[in-house]
Amino acid sequence: MEERKGPFPMPENVESPFSSPAGVLLSGGFFKYSIPNFKNIIYFTIPSNIYQIEDKAFYECVLLKNIIIPNSVTYIGHYVFYQCSSLTKIIIPNSVTKMGYYVFFKCSSLVKIILSNNITRIKKGTFSKCSSLDNIVIPNSVLEIDSDAFNKCSSLKTISIPYSVISIGSNAFYKCS
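Predicted, not measured: the structure shown is a model, and the values here were computed from it.

Participant: I'd like to hear about unusual backbone geometry, residue by residue, with values.
Facilitator: Of note, Glu60 is a non-glycine position whose phi angle comes to about 60°, a positive value. Counting through the fold element by element, Glu60 comes out in the loop between β4 (52-53) and β5 (66-68). By relative accessible area, Glu60 is classed as partly exposed at 24%. Positive phi values are uncommon outside glycine, yet Lys129 reaches one of about 60°. Within the fold, Lys129 resides in the loop between β10 (121-122) and β11 (135-137).

See the structure below:
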């Protein structure tokens, strides 16, 4: 299998789930993976002109180990890294103020997460079934942790929850060590 590294230039006039008109990294629709062998990508750098990573952008990219998110990104959509089972580390820059549901669901190799100091809510299922995650520091900016946020993170032993958190949903830490 050929190892592919990004970023990859997008051909002009190609309708792709990974094009970037108006600074938005698009995904979904009928052309879920139009870049040849996209699921074989191991490393990817999101261009610095991108300010949103839309829903399912890297959905089931099971070989993706490393992704670099620039400081221009303010929003990460739903299911963006869903089942990226080779992803080991993620740094969410402080420019990110909102993340969707199930963003890192089933990222089973994810060991290290550095969260933005500007998110206020960890939504439902965001880190559910991240079975290799053993600790997490939740930033002081977080006010809410939704239900199932860390559900079945079976290796999670250390959680630092700041006093700023006023709401923790049901099963947020269900089946954590």
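From this point, things continue past the structure.
Participant: Lay out the packing of aromatic side chains in plain terms, naming residues and giving numbers.
Facilitator: How two aromatic rings sit relative to each other is set out by the distance from centre to centre and by the angle between their planes. Taken as a whole and judged by the stated rule, the model has 11 aromatic pairs. Aromatic side chains Phe104 and Phe127 sit 5.2 Å apart centroid to centroid with 0° between the ring planes, which places their arrangement in the stacked category. Here the residue Phe104 occupies a position in the loop between β8 (98-99) and β9 (112-114), and Phe127 occupies one in the loop between β10 and β11, the gap between them amounting to 23 residues. Each member of the pair, Phe104 together with Phe127, is buried. One aromatic cluster is present, built from ring pairs that chain together Phe44, Phe58, Phe81, Phe104, Phe127, Phe150 and Phe173. Lying over the aromatic face of Tyr59, Lys56 brings its terminal NZ or CZ to 5.2 Å of the ring centre. Directly above the aromatic system of Tyr79 lies the positively charged group of Lys56, at a separation of 5.9 Å from the ring centroid.

Participant: Just give me the short version of the layout of surface pockets, but keep the residues and values in it.
Facilitator: Counted as a void, the largest pocket has a volume near 150 Å³. Lining the largest pocket are Val111, Lys112, Ile113, Ile114, Leu115, Asn117, Asn135, Ile136, Val137, Ile138 and Pro139. Elements with a minimum of two residues in the lining of the largest pocket: β9 and β11. The residue inventory of the lining of the largest pocket, partitioned by class, reads eight nonpolar, two polar and one charged.

Participant: Please set out the sheet that holds β10 residue by residue, giving values where relevant.
Facilitator: Strand order across the open sheet formed by three strands is β10-β12-β14, with parallel pairing between neighbours. In this open sheet, the two strands that pair with only one neighbour each are β10 and β14 (167-168).

Participant: Before we move on, could you go through the nonpolar core and cite the residues and values that matter?
Facilitator: If you look at the biggest cluster of nonpolar residues, it comprises 42 residues, and the most contacted ones within it are Phe58, Ile76, Phe81, Phe104 and Phe150. Contact partners of Ile76, with chain neighbours within four places excluded, come to Ile53, Ile69, Phe81, Ile92, Val96, Lys98, Met99, Gly100 and Val103.

Cut-offs and rules
Residues numbered from 1 in each chain as written. Predicted model: local features only at pLDDT ≥ 70, side-chain atom pairs only at ≥ 80, totals over all residues. Heavy atoms only, no water. Helix = DSSP H or I, 4+ residues; strand = E, 2+ residues; numbered from the N terminus. Buried < 20%, exposed > 50% of the residue type's maximum accessible area, 1.4 Å probe, protein only. Phe/Tyr/Trp six-rings, centres within 6.5 Å; stacked < 30°, edge-to-face > 60°. Lys NZ or Arg CZ within 6 Å of the ring centre and 35° of its normal. 1 Å grid on protein atoms, 1.4 Å probe; cavity = no way out; pocket = protein on both sides within 12 Å on 5 of 7 lines; lining within 4 Å. Points joined across faces, edges and corners; volume = space filled by probe spheres on them. Nonpolar A, V, L, I, M, F, W, Y, C, P; charged D, E, K, R; others polar. Pairing = 2+ DSSP bridges. Core = buried A, V, L, I, M, F, W, Y, C linked by side-chain atoms within 4.5 Å. Contact = heavy atoms within 4.5 Å.

Geometric descriptors of this kind do not, in isolation, establish any biological role.
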